[in-house]
Amino acid sequence: MPTSISAARRTLIAGLLTATSLVLALSGCATYDVTAPADARADAPAAAVKAKDAAAEDGKAPRGAAGDAVDCRKAKCVALTFDAGPGEHTNRLLDILKKEKVHATFFMLGKNHVEKRPAEVKRIDAEGHEPANHTWSHQILTDIPAASARREMSRLQDAVRKITGKTPRLMRPPQGRTDETVSKISKDLGLAQVLWSVTAKDYQTNDSALITKRVLEQTERDGIILLHDIYRGTVPAVPGILKELKKRGYTIVTVSRLLSPAKPEPGMVYRP
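Given the structure is predicted, the values throughout are model-derived calculations rather than measurements. (Residues numbered from 1 in each chain as written. Predicted model: local features only at pLDDT ≥ 70, side-chain atom pairs only at ≥ 80, totals over all residues. Heavy atoms only, no water.)

**Quick look at the overall build of the protein**
Part 1 of the reasoning: The secondary structure content of the protein amounts to 10 helices and 11 strands.
Part 2 of the reasoning: Looking at the protein as a whole, 53% of its 272 residues qualify as buried.
Part 3 of the reasoning: Excluding contacts between residues fewer than 6 apart, the proportion of contacts in the protein whose partners are at least 24 apart in sequence is 73%.
Part 4 of the reasoning: When the accessible surface of the protein is totalled, it reaches about 12,300 Å², and 50% of it is carbon and sulfur. (Helix = DSSP H or I, 4+ residues; strand = E, 2+ residues; numbered from the N terminus. Buried < 20%, exposed > 50% of the residue type's maximum accessible area, 1.4 Å probe, protein only. Contact = heavy atoms within 4.5 Å. Areas by Shrake-Rupley, 256 points an atom, 1.4 Å probe, with all protein chains shown as cover.)

Structural data, given as structure tokens:
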């Protein structure tokens, strides 16, 4: 990242922010760095921009599912993310994403999920999705001692690496709650923090039509959609969501693709 970045691109946020606004500091005046996907792309090092542009010109950009070679500086992108799995509905979701040629980012839990469903974790990785960290047991990181927060994140890192051979680079703090301490630990562990701009609140309803409606009402360019692959009403909503987003001209991508040519910066909070 450049040593000097405009206040519009990297903002220090302090005090108490609500879960609805997605960034929380529950007490005191803790501060941490936050940026939006578009600003991260604009701030990408010149070498990364040049390399991406050269690959595109030579036709060497990686290709696979729709969106894999997209340039979100030009395209109308939105990132699709799923939290708290894998679960009993994850394989059905992966079938849908494969059929629709869409890749997503999976912020996975360890306890009762990664540890019990390694086959789904392997499949998520093998099919080109982005495995990411949602902690081991969904404890609120700002409410527990720093050492415990570190274990919550590092234990998930270790589990995913053991299964896939890859270490997640992205972490979503439970309930979006982060602070200066969590950001420092994330930086130490090589994790960028990812919040969201679209939530269907699918933990409150199994009404797939309502979930679809909420997502479509909130989605804008460079947004990050939060869904859960553990709830009964969510996966049936995905085909309709994807169909309508594509109809509206969106390209659905992973979080890392949304940020490209920038790379996720450990400790940074990414929030549309």
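Structure's up, so let's keep going.
**Description of the pairing of strand 9 (residues 223–228)**
Part 1 of the reasoning: Burial within strand 9 is extensive, with six of its six residues counted as buried.
Part 2 of the reasoning: Across the two faces of strand 9 the burial is the same, with Gly223, Ile225 and Leu227 and Ile224, Leu226 and His228 all buried.
Part 3 of the reasoning: When strand 8 (residues 198–199) meets strand 9, the two strands line up parallel, connected through two bridges. Bridging from a neighbouring strand, Thr199 pairs with Leu226 of strand 9.
Part 4 of the reasoning: One crossover worth recording links strand 8 to the parallel strand 9 by way of helix 8 (residues 208–218), and it is right-handed. (Pairing = 2+ DSSP bridges. Right-handed = clockwise from strand over helix to strand, strands pointing away.)

**Details of the state of the cysteines**
Part 1 of the reasoning: Inspection of the entire model under this criterion finds one disulfide.
Part 2 of the reasoning: Shown here is the disulfide that connects Cys72 with Cys77, its sulfur atoms set 2.2 Å apart. Here the disulfide of Cys72 and Cys77 is left-handed, its torsion about the S-S bond being about -90 degrees.
Part 3 of the reasoning: Residue classification places Cys72 among the buried residues on the basis of a relative accessible area of 0%. (Disulfide = S-S within 2.5 Å.)

**As for the environment of Thr81**
Part 1 of the reasoning: Structurally, Thr81 can be placed in strand 3 (residues 77–83).
Part 2 of the reasoning: Residues Thr81 and Ala132 lie 51 residues apart in sequence; the distance between their C-alpha atoms is 9.6 Å.
Part 3 of the reasoning: At a separation of 2.6 Å, a polar atom in the side chain of Thr81 contacts the main-chain carbonyl oxygen of Ile225. (Polar contact = N/O pair within 3.5 Å; in protein donor to acceptor, adjacent residues only side chain to side chain.)

**Details of unusual backbone geometry**
The bulk of non-glycine residues show a negative phi, and the bulk of peptide bonds are trans.
Part 1 of the reasoning: Pro86 follows Gly85 through a cis peptide bond whose omega is -5 degrees.
Part 2 of the reasoning: Tracing the chain through its elements places Pro86 in the loop between strand 3 and helix 3 (90–100).
Part 3 of the reasoning: At the junction of Ser260 and Pro261, the peptide bond is cis and its omega measures out at 15 degrees in the coordinates.
Part 4 of the reasoning: Relative to the helices and strands, Pro261 is located in the loop between helix 10 (255–259) and strand 11 (269–270).
Part 5 of the reasoning: A positive phi angle is found at Lys101, which is not glycine, with a value near 55 degrees.
Part 6 of the reasoning: Following the sequence through the fold, Lys101 ends up in the loop between helix 3 and strand 4 (105–108).

**Notes on helix 9 (residues 238–247)**
Part 1 of the reasoning: Residues Val238, Ile241, Leu242 and Leu245 constitute the buried set of helix 9. Down the axis of helix 9, the buried side of the element spans an arc of 95 degrees, and every buried residue falls inside it. Across helix 9 from its buried face, at more than 90 degrees, point the exposed residues Lys243 and Lys247.
Part 2 of the reasoning: Residues of helix 9 that are buried make contact with strand 3, helix 3, helix 8, strand 9 and strand 10 (251–253). (Arc of directions from axis to C-beta.)

**A look at the packing of helix 8 against helix 9**
Part 1 of the reasoning: Relative to each other, helix 8 and helix 9 sit at 30 degrees, their axes nearing to 9 Å. Between helix 8 and helix 9, the interaxial angle falls into the category roughly parallel. Classified by chirality, the crossing of helix 9 by helix 8 is right-handed. Across the interface between the two elements, Thr212, Val215 and Leu216 from helix 8 touch Gly240, Ile241, Glu244 and Leu245 from helix 9. (Axes fitted to C-alpha atoms, helices over the stretch in contact; angles between N-to-C directions. Parallel < 35°, antiparallel > 145°, perpendicular 65-115°, else oblique. Left-handed = near helix turned anticlockwise from the far one by under 90°.)

**Section: the packing of helix 6 (residues 146–164) against helix 7 (residues 180–188)**
Part 1 of the reasoning: Here helix 6 crosses helix 7 at 45 degrees, and the two axes come no closer than 10 Å. When the interaxial angle is binned, helix 6 and helix 7 end up oblique. At the point where helix 6 passes helix 7, the crossing takes the right-handed sense. On helix 7, the residues touching Ala146, Ala149, Arg150 and Met153 of helix 6 are Thr181, Val182, Ile185, Ser186 and Asp188.
Part 2 of the reasoning: Grouping the amino acids of the contact of helix 6 with helix 7 by side-chain chemistry returns five nonpolar, two polar and two charged. (Nonpolar A, V, L, I, M, F, W, Y, C, P; charged D, E, K, R; others polar.)

**Details of the environment of Met268**
Part 1 of the reasoning: Summarising the element assignment, Met268 is placed in the loop between helix 10 and strand 11.
Part 2 of the reasoning: Residue classification places Met268 among the buried residues on the basis of a relative accessible area of 1%.
Part 3 of the reasoning: Considered as a pair, Met268 and Leu170 are 98 residues apart in the sequence and their alpha carbons are 10.0 Å apart.

**Focus on helix 5 (residues 118–126)**
Since the α-helix packs 3.6 residues into each turn, any two residues three or four apart lie on the same face.
Part 1 of the reasoning: Within the span of helix 5, buried status applies to Glu120, Val121, Arg123, Ile124 and Asp125.
Part 2 of the reasoning: As for helix 5, its buried residues are in contact with helix 3, strand 4, helix 4 (110–114), strand 5 (130–133) and helix 6.
Part 3 of the reasoning: Positive backbone phi, approximately 90 degrees, marks Gly128, located one or two places after helix 5.

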